[in-house]
Amino acid sequence: MLNIIFYVFVAVVVVQLVYYLIIFGKFAFAHAQEISPKRVPVSVIVCAKNEAEKVKQFVPLLAEQDYPDFEIVLIDDASSDETLDLFEEFEKKYSNIRLVKVANNEAFWGNKKYALTLGIKAARKDYLLFTDADCHPDSKEWITNMTAQFTTNKTIVLGYGAYEKVKKSFLNKIIRFDNMLTATQYFAWGKIGSPFSGEGRNLAYKKDEFFKVNGYIDHMNIRMGEDALFINQAANKKNTTICYTPESFTYSEAKKSFGAWRIQKRRQVFTASFFSFADKFQLRLFLLSQLSFITLAIVLFALQYNWMFMVPVVAIRYIGSWLTMGYSAAKLKEKDTVYWYPFIEIILTFTQLNVFFSNLFSKPSHWK
């Protein structure tokens, strides 16, 4: 019986190595990215709801981007704080800022997709670059780097939305590692030619792509996942590329408590449940292989199965996965998170499992 469990364990390790070394390795081991500026006309889309403190700090950083032809479309989604007042002040101060005011609509209350649709329709430029109101670009070359990836055929660009580092916070490392792993997955599958998701904190596409799929209409009733579900529907091998130059990163504040982060994870997992069958399968197979590896390793070691067989298999798996994540973390400027990799992996795996079962019994909360 133990031999059978060990053979299953070896099969699980093989699946893990395929994910880490072959699939994720497509991104992790890729060369550093170089850019050739395109200077295409861009509308930067920012949707905010009750984000007064954040927009006061970050909108000026967007306005100061070193780019020759761009506008900023600020969307106020029926805020009840000072967000709209600040947007109106910015509109007067900066000539390239346009304001879209979204009134409360009973049919679309709390639906960010409705607000974004109005903003996209109001945008005057052919190319759209999205970020959130609580995000800021890492450099004045953010627009230049993201738009440099556009070509005649590549009209969707997946970028990296990072979280700010918090010293002496293990939770912050967990959140940033999880975010880095998620980005590694969608970057890797994007390079392979099977893009399945993206991050609304840093995402660009040509306006035509939005209207080709009738915008968010097919998932308007799902009040979250405006970025991931759109990419899952619209992106393909021919029209999608990625951008991972350090100058293209955006940053935002990570959740400060485990409970708040868990709610965020619930939204992400719930959104993924509406992906295509193939995309849900590959995501769930990866999670199942993670869980099986940890569980079977504990069982076999506890039952004192032959250590001469176990140790090399476990070592090979950890060397492969740690190496891959290390290279990926270096590209995404998250190297400090991989030092804690084995511990973070266990926490993430069982958190993900907990979130999955929680979502079976109740839906997570939507956009504010």
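Let us look at the structure shown here.

Focus: the overall build of the protein chain
Part 1: The secondary structure content of the protein chain amounts to twelve helices and ten strands.
Part 2: For the protein chain, the C-alpha atoms occupy an extent of roughly 75 × 45 × 40 Å along the three principal directions.
Part 3: In the protein chain, of all internal contacts separated by at least 6 residues, the share reaching a separation of at least 24 is 84%.
Part 4: One way to put it: in the protein chain the 44 positive side-chain charges average out to a point 6 Å from where the 35 negative ones average out.

Some words on empty space enclosed by the protein
Part 1: Throughout the structure, instances matching the rule amount to two cavities of 30 Å³ or more.
Part 2: Taken as a whole, the largest cavity spans an internal volume of roughly 110 Å³.
Part 3: Along the walls of the largest cavity sit 14 residues, with L116, F130, G200, E226 and D227 positioned nearest its centre.
Part 4: At the level of secondary structure, the elements contributing two or more residues to the lining of the largest cavity comprise β1 (42–48), α4 (112–122), β4 (127–132) and β8 (203–206).
Part 5: If you tally residues by element for the lining of the largest cavity, the top one is β4, at three residues.
Part 6: The residue inventory of the lining of the largest cavity, partitioned by class, reads eight nonpolar, two polar and four charged.

Quick word on the nonpolar core
Part 1: Ranked by size, the top nonpolar core spans 67 residues in total, and within it F24, I75, Y160, F177, F187, Y205 and L332 carry the most contacts.
Part 2: For this core, the element with the most residues is helix α6 (residues 170–192), which contributes eleven residues.
Part 3: Ignoring sequence-local partners within four residues, the contact set of Y205 consists of I120, Y127, L128, F130, F150, T155, I156, F210, Y216 and F230.
Part 4: The next biggest cluster of nonpolar side chains, apart from the first, holds 30 residues, and it includes I72, L74, L86 and L99.

Quick word on the packing of aromatic side chains
Part 1: All chains considered together, the criterion is met by 35 aromatic pairs.
Part 2: The interplanar angle of 55° and the centroid separation of 4.6 Å between the aromatic rings of Y127 and F150 together place this pair among those described as tilted. Of this pair, Y127 sits in strand β4 while F150 sits in the loop between α5 (142–147) and β6 (156–158), and the two are 23 residues apart along the sequence.
Part 3: On the basis of relative accessibility, which here comes to 3%, the residue F150 falls in the buried class.
Part 4: Between the aromatic rings of F210 and F230, the centroid separation amounts to 6.1 Å while the plane-to-plane angle is 35°, which identifies the pairing as tilted. Of this pair, F210 sits in helix α7 (residues 207–212) while F230 sits in helix α8 (residues 228–234), and the two are 20 residues apart along the sequence.
Part 5: Relative accessible area serves as the criterion here: at 0%, F230 is assigned to the buried category.
Part 6: Ring pairs connect the aromatic residues F9, F177, F293, Y318, W322 and Y341, which therefore count as one cluster.

How each quantity is defined
- Chains are numbered independently. Their residues run from 1 in the order of the written sequence.
- Per-residue local features are limited, in this predicted model, to residues with pLDDT of at least 70; the limit for side-chain atom pairs, both in listing and counting, is 80 or more; totals at the level of whole chains, interfaces and linings are taken over all residues.
- Water and hydrogen atoms were dropped before computing side-chain values, which therefore reflect all heavy atoms in the structure.
- Only runs of H or I of at least four residues qualify as helices and only runs of E of at least two qualify as strands under DSSP, and these elements are numbered from the N terminus.
- Residues are treated as being in contact if the distance between any of their heavy atoms lies within 4.5 Å.
- Residues counted as positive are Lys and Arg, residues counted as negative are Asp and Glu, and His and the chain ends are not counted.
- Charge positions come from single atoms, namely NZ of Lys, CZ of Arg, CG of Asp or CD of Glu.
- In this analysis the probe radius is 1.4 Å and the grid spacing 1 Å, with only protein atoms considered; a cavity is a set of points the probe fits into but cannot get out of, a pocket is an open set with protein on both sides within 12 Å along at least five of seven lines, and lining residues have an atom within 4 Å of a point.
- Grid points are joined across faces, edges and corners, and a volume is the space filled by probe spheres set on the points.
- Classification used: nonpolar for Ala, Val, Leu, Ile, Met, Phe, Trp, Tyr, Cys and Pro, charged for Asp, Glu, Lys and Arg, polar for all others including Gly.
- As used here, the term nonpolar core means buried Ala, Val, Leu, Ile, Met, Phe, Trp, Tyr and Cys residues forming a set that is joined through side-chain atoms within 4.5 Å.
- Whether a residue is buried, partly exposed or exposed follows from its accessible area with a 1.4 Å probe, protein chains only, as a fraction of its type maximum: under 20%, in between, or over 50%, in that order.
- Two rings belonging to Phe, Tyr or Trp (six-membered ring only in the last case) form a pair when the distance between their centres is within 6.5 Å. Interplanar angles under 30 degrees mark stacking, angles over 60 mark edge-to-face geometry, and anything in between is tilted.

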